[in-house]
Amino acid sequence: MSREYNVIVIGAGHAGIEAAFAAQRGGADTALITLKREKIGEMSCNPAIGGLAKGHIVCEVDAMGGFIGLAADKTGIQFRMLNRSKGPAVWGPRAQTDKLKYSRFAQQFLQDLDNLDIIEAEAAEILTENNKVIGVRLADDSELHSRAVIVTSGTFLNGLIHIGERQFPAGRINEPPARLLSDSLSQLGIKIGRLKTGTCPRLSADSIDYDKCELQPGDENPIPFSMLTDKIDIEQTPCHITYTNPQTHKIISDNLDRAPLYTGQISSTGPRYCPSIEVKIVRFADKNRHQIYLEPESLEYDWIYCNGLATSIPEDLQEAMVHSIAGLEKAKIVQYGYAIEYDFIFPEQLTADLQSKRIRGLFFAGQINGTSGYEEAAGQGLLAGINALQYIKDKEPIILRRDQAYIGVMIDDLVTKGVNEPYRMFTSRAEYRLLLRADTAERRLTPLAHQLGILDAQRWSIHLERERQREKFRQLLKENRVEGLSAYDWLRRPENSLDELKTRLPANIFEEIDYRIQYQIVADIKYEGYQKRELKSAEKLRQLERVKLPRDIDYSSIAGLRKEAQEKLTAVKPATIGQASRISGITPADIMVLTISLNKS
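### Section: the overall build of the protein chain
Here is step 1 of the chain: Of the regular secondary structure elements, the protein chain holds 20 helices and 24 strands.
Here is step 2 of the chain: For 601 residues, the compact-globule estimate of 2.2 N^0.38 gives 25 Å, and the C-alpha radius of gyration of the protein chain, at 25 Å, lies within 12% of that figure.
Here is step 3 of the chain: Considering only C-alpha atoms, the protein chain reaches an extent of 75 × 70 × 50 Å along its principal axes.
Here is step 4 of the chain: Buried positions account for 59% of the 601 residues belonging to the protein chain.
Here is step 5 of the chain: Long-range pairs, those at least 24 residues apart, make up 73% of the contacts in the protein chain between residues at least 6 apart in sequence.

Pasting the structure below:
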């Protein structure tokens, strides 16, 4: 038995959902392969969406018609804007979501889409012909045929869970791993490595003494992720904060000989910026406490996620560790923390459209590319889906620039620099972050999505109305005066704010303008000088990106190019001079030699 599709997506996590949805709304007949239909959109780790830099990616995905922002708005139980003590460019919208509702919402959402088939099966082999994808063979030997395949397998490829000395194959707790696909990828010449991530123990809410913890409420006026959400109107669920202490640290440090991360049982690299608690105890031995966030997983059951307490130490040590923490002295562990090792591909094997350099039509997105986090996965899934569409339509790929989107920063980092540990997005990775505020994602990316034909009519209508409001509000600020200045120029002063302005001008000036638009324009005014500087710098980068490098260039034959540079350029095969300049170890002198060589040819 075989079936014909335009695009096949393997895996239905956050990357797979966005990839399948992008392909579907672009008109492609799409198949989404998942081991279990009821696990579509499952949140393996913390049921939260967004945060610092991650929230920017969610807004960018939404601006291009994606799923994750709307799902967070529909299923969120607490909303907070992080980093408010700093400038708006690095504010990070975050939502604690209901784990069960999120997964159910994802399943129903995909089920209701036209020209999308959800297939319960294990993908066993990527089928190719003349180094081009022709489809997928399933574990039952049936075949699905297509011109494009997107692999979004998360932690399932040869997944191995560790809890103390105990280890067992799994893609997620209580779920089997995918064993067959890695061999197929290896046979195609795809270089595979191993990474590790982990999760924390879950506690019964009724067994926690919250009086010993700090209350962490949500925002009074939460800001939605999605353009489609007018307002978040829910009763916000509180979270709580507690801390480890010297006793906690002693329990762990005295038993490192039983911790898989220190016995050699786990040999792969874990996330640097979200380490297990045992790693934090060793790495930051001078600290006498670490913050733990107690976050509800769902309103339908009483599990509490201990954010900051990821671990793979044995169950008895997890009990002792948890019970040493204030408020958790009598806490009941309902699921133990664990580490998981899994296969990933080295992402420098991909072009900037997330397509394999070896196999045309084969795309990769999400944790298989060495990233961590739902949001990073969603951003890659969106672009992989878009570029699979471009590929089957024989059109040029869509490459988001570093000054255009955090998604562009992330993908460029992956394919240019590669990874040796799970990649996590931070605002500090974006050199043009003043241009990439979360609240400007719609202005930056919605017109592109409309041009590509993947944007719904409702979002486009909202965008046009917001553009009208933005222009009107700018004009109103220029026409009205405060202290002898136009309100526009008055707001340039650092000490002046929108809230203060509202006490000085008639209320009707603000009534017709959405509150989010008002704050956007004020932020634009405050950042205007800095943004102009960044735009000039970004234009220099764009000039370098316009200089294309031939795919078949022989770097070893370029006179004057250092041996190390020859090797690195050959390995990455950069598409442009700009990308070449960002490869680790490539110097300005190397770029000069390369540019001179191109000019001669």
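Once you've had a look at it, read on.
### A word on the sheet that holds strand β13 (residues 166–169)
Across a sheet, strands are paired by hydrogen bonds formed along the backbone, either parallel or antiparallel in direction.
Here is step 1 of the chain: Overall, antiparallel pairing links the four strands, which are arranged β13-β12-β21-β14 in an open sheet. Pairing within the sheet leaves two strands with one partner each, and these edge strands are β13 and β14 (192–199). Put simply, the sheet's adjacent strands are angled 25° from each other on average, direction ignored.
Here is step 2 of the chain: Bridge count for strand β12 (residues 160–163) against strand β21 (residues 338–345) is three bridges, and the pairing is antiparallel.

### Some thoughts on the environment of Asp 439
Here is step 1 of the chain: Topologically, Asp 439 is positioned in the loop between α11 (406–417) and α12 (441–452).
Here is step 2 of the chain: Along the sequence, Asp 439 and Leu 541 sit 102 residues apart, while their C-alpha atoms lie 24 Å from each other.
Here is step 3 of the chain: A polar contact of 2.9 Å, which involves the side chain of Asp 439, links it to the side chain of Arg 437.

### Quick look at the pattern of salt bridges
Here is step 1 of the chain: In the structure shown here, the tally under the stated rule is 53 salt bridges.
Here is step 2 of the chain: Glu 442 serves as the salt-bridge partner of Arg 466, at 3.2 Å between the closest nitrogen and oxygen. Of this pair, Arg 466 sits in helix α13 (residues 457–479) while Glu 442 sits in helix α12; the two residues are 24 residues apart in sequence, bridging distant segments of the chain. Across the pair, Glu 442 and Arg 466 agree in class, each one buried.
Here is step 3 of the chain: Here Glu 483 ties to Arg 504 by a salt bridge, and the two come within 2.9 Å at their closest N and O atoms. On the criterion of sequence distance, the pair formed by Glu 483 in the loop between β23 (481–482) and β24 (485–486) and Arg 504 in the loop between α15 (498–502) and α16 (508–511) is long-range, its members being 21 residues apart.

### Let's talk about the packing of aromatic side chains
Here is step 1 of the chain: Counted according to the given criterion, the structure contains nine aromatic pairs.
Here is step 2 of the chain: Pairwise contacts between aromatic rings join Phe 21, Phe 67, Tyr 102, Phe 105 and Phe 109 into one cluster.
Here is step 3 of the chain: When the ring centre of Tyr 243 is taken as reference, the NZ or CZ atom of Arg 289 above it lies at 3.6 Å.

### A short note on the sheet that holds strand β16 (residues 214–216)
Here is step 1 of the chain: One open sheet holds the six strands; their spatial order is β16-β17-β18-β19-β15-β20, and the pairing between them is antiparallel. Strands with a single pairing partner mark the edges of an open sheet, and in this sheet they are β16 and β20 (333–335). The average undirected angle you get between the axes of adjacent strands in this sheet is 35°.
Here is step 2 of the chain: Alignment of strand β15 (residues 202–204) against β20, held across two bridges, turns out to be antiparallel. Residue pairing for β20: Leu 203 is matched across the bridge by Ile 333.

### Describing the packing of helix α6 (residues 246–253) against helix α9 (residues 315–323)
Here is step 1 of the chain: Put simply, α6 and α9 touch, their axes get as near as 8 Å, and they point 165° apart. Between α6 and α9, the crossing angle belongs to the class labelled roughly antiparallel. As for the relative orientation of α6 and α9, their crossing is right-handed in sense. Within the contact between the two elements, α6 uses Thr 248, Ile 251 and Ile 252 and α9 uses Leu 317, Ala 320 and Met 321.
Here is step 2 of the chain: Tallied by class, residues from the contact of α6 with α9 come to five nonpolar, one polar and no charged.

### What to know about the nonpolar core
Here is step 1 of the chain: In this structure, Ile 10, Ile 126, Leu 362 and Ile 407 are the most contacted members of the largest nonpolar core, which totals 108 residues.
Here is step 2 of the chain: Those residues in contact with Ile 407 that sit more than four places away from it in its chain are Ile 57, Glu 60, Val 61, Gly 379, Leu 382, Leu 383 and Leu 400.
Here is step 3 of the chain: Within the second largest apolar cluster, 24 residues are counted, among which are Ile 208, Ile 304, Leu 328 and Ile 333.

### A word on a positive patch on the surface
Here is step 1 of the chain: Taken together, the side chains of Lys 132, Arg 360, Arg 551 and Lys 573 present a region of like positive charge at the surface.
Here is step 2 of the chain: Assignment of secondary structure puts Arg 360 in the loop between β21 and β22 (362–364).

### Some details on the state of the cysteines
Here is step 1 of the chain: Per the counting criterion, the structure on display carries zero disulfides.
Here is step 2 of the chain: Just so you know, Cys 59 is unpaired, no disulfide at all, and the nearest cysteine sulfur is the one on Cys 239, 19 Å from it.
Here is step 3 of the chain: Given the relative accessible area of 9%, Cys 59 is considered buried.
Here is step 4 of the chain: This cysteine, Cys 213, is not joined by any disulfide, and Cys 306 carries the nearest cysteine sulfur, 9.8 Å off.

### Notes on the packing of α13 against helix α17 (residues 515–545)
Here is step 1 of the chain: Put simply, α13 and α17 touch, their axes get as near as 10 Å, and they point 60° apart. As the angle between them shows, α13 and α17 are arranged oblique. In terms of crossing hand, the pair formed by α13 and α17 is right-handed. Facing α13, whose interface residues are Arg 466, Gln 469, Arg 470, Phe 473, Arg 474 and Leu 477, α17 presents Arg 516, Ile 517, Gln 518, Gln 520, Ile 521, Asp 524 and Ile 525.

### Some thoughts on the pairing of strand β2 (residues 7–10)
Consecutive side chains of a regular strand alternate in pointing toward one face of the sheet and then the other.
Here is step 1 of the chain: Across the two faces of β2 the burial is the same, with Val 7 and Val 9 and Ile 8 and Ile 10 all buried.
Here is step 2 of the chain: Regarding the hand of the β-α-β motif, the stretch spanning β2, helix α1 (residues 14–25) and strand β3 (residues 30–34) is right-handed.
Here is step 3 of the chain: Bridge analysis of β2 against strand β11 (residues 148–151) gives four bridges, and the strand direction is parallel. Across the sheet, Val 9 pairs through a bridge with Ile 150, a residue of β11.

### What to know about the environment of Ala 523
Here is step 1 of the chain: By the secondary structure assignment, Ala 523 is in helix α17.
Here is step 2 of the chain: Excluding its chain neighbours within four sequence positions, the residues that come into contact with Ala 523 are Pro 88 and Arg 437.

### With respect to the side chain of Thr 97
Here is step 1 of the chain: By the element assignment, Thr 97 lies in strand β6 (residues 92–97).
Here is step 2 of the chain: Contacts of Thr 97, omitting those with residues within four sequence positions, involve Met 43, Pro 47, Ala 48, Ile 49, Ala 72, Thr 75, Gly 76, Ile 77, Tyr 102, Pro 296 and Glu 297.

### Considering unusual backbone geometry
Here is step 1 of the chain: Even without a glycine there, the phi angle at Asn 174 is positive, about 65°.
Here is step 2 of the chain: The residue Asn 174 is located in the loop between β13 and α5 (181–187) in this model.
Here is step 3 of the chain: Judged by its relative accessible area of 67%, Asn 174 is exposed.
Here is step 4 of the chain: One non-glycine residue, Lys 573, adopts positive backbone phi at about 55°.
Here is step 5 of the chain: Here Lys 573 is to be found in the loop between α18 (563–572) and α19 (577–581).

About the thresholds
Residues numbered from 1 in each chain as written. Predicted model: local features only at pLDDT ≥ 70, side-chain atom pairs only at ≥ 80, totals over all residues. Heavy atoms only, no water. Helix = DSSP H or I, 4+ residues; strand = E, 2+ residues; numbered from the N terminus. Rg over C-alpha atoms; globule rule 2.2 N^0.38 Å. Buried < 20%, exposed > 50% of the residue type's maximum accessible area, 1.4 Å probe, protein only. Contact = heavy atoms within 4.5 Å. Pairing = 2+ DSSP bridges. Axes fitted to C-alpha atoms, helices over the stretch in contact; angles between N-to-C directions. Polar contact = N/O pair within 3.5 Å; in protein donor to acceptor, adjacent residues only side chain to side chain. Salt bridge = Lys/Arg side-chain N within 4 Å of Asp/Glu carboxyl O. Phe/Tyr/Trp six-rings, centres within 6.5 Å; stacked < 30°, edge-to-face > 60°. Lys NZ or Arg CZ within 6 Å of the ring centre and 35° of its normal. Parallel < 35°, antiparallel > 145°, perpendicular 65-115°, else oblique. Left-handed = near helix turned anticlockwise from the far one by under 90°. Nonpolar A, V, L, I, M, F, W, Y, C, P; charged D, E, K, R; others polar. Core = buried A, V, L, I, M, F, W, Y, C linked by side-chain atoms within 4.5 Å. Patch = residues over 30% accessible without salt bridge, like charges linked within 9 Å, V, L, I, M, F, W, Y side chains within 5 Å. Areas by Shrake-Rupley, 256 points an atom, 1.4 Å probe, with all protein chains shown as cover. Lys, Arg positive; Asp, Glu negative; His and termini not counted. Charge placed at Lys NZ, Arg CZ, Asp CG, Glu CD. Disulfide = S-S within 2.5 Å. Right-handed = clockwise from strand over helix to strand, strands pointing away.

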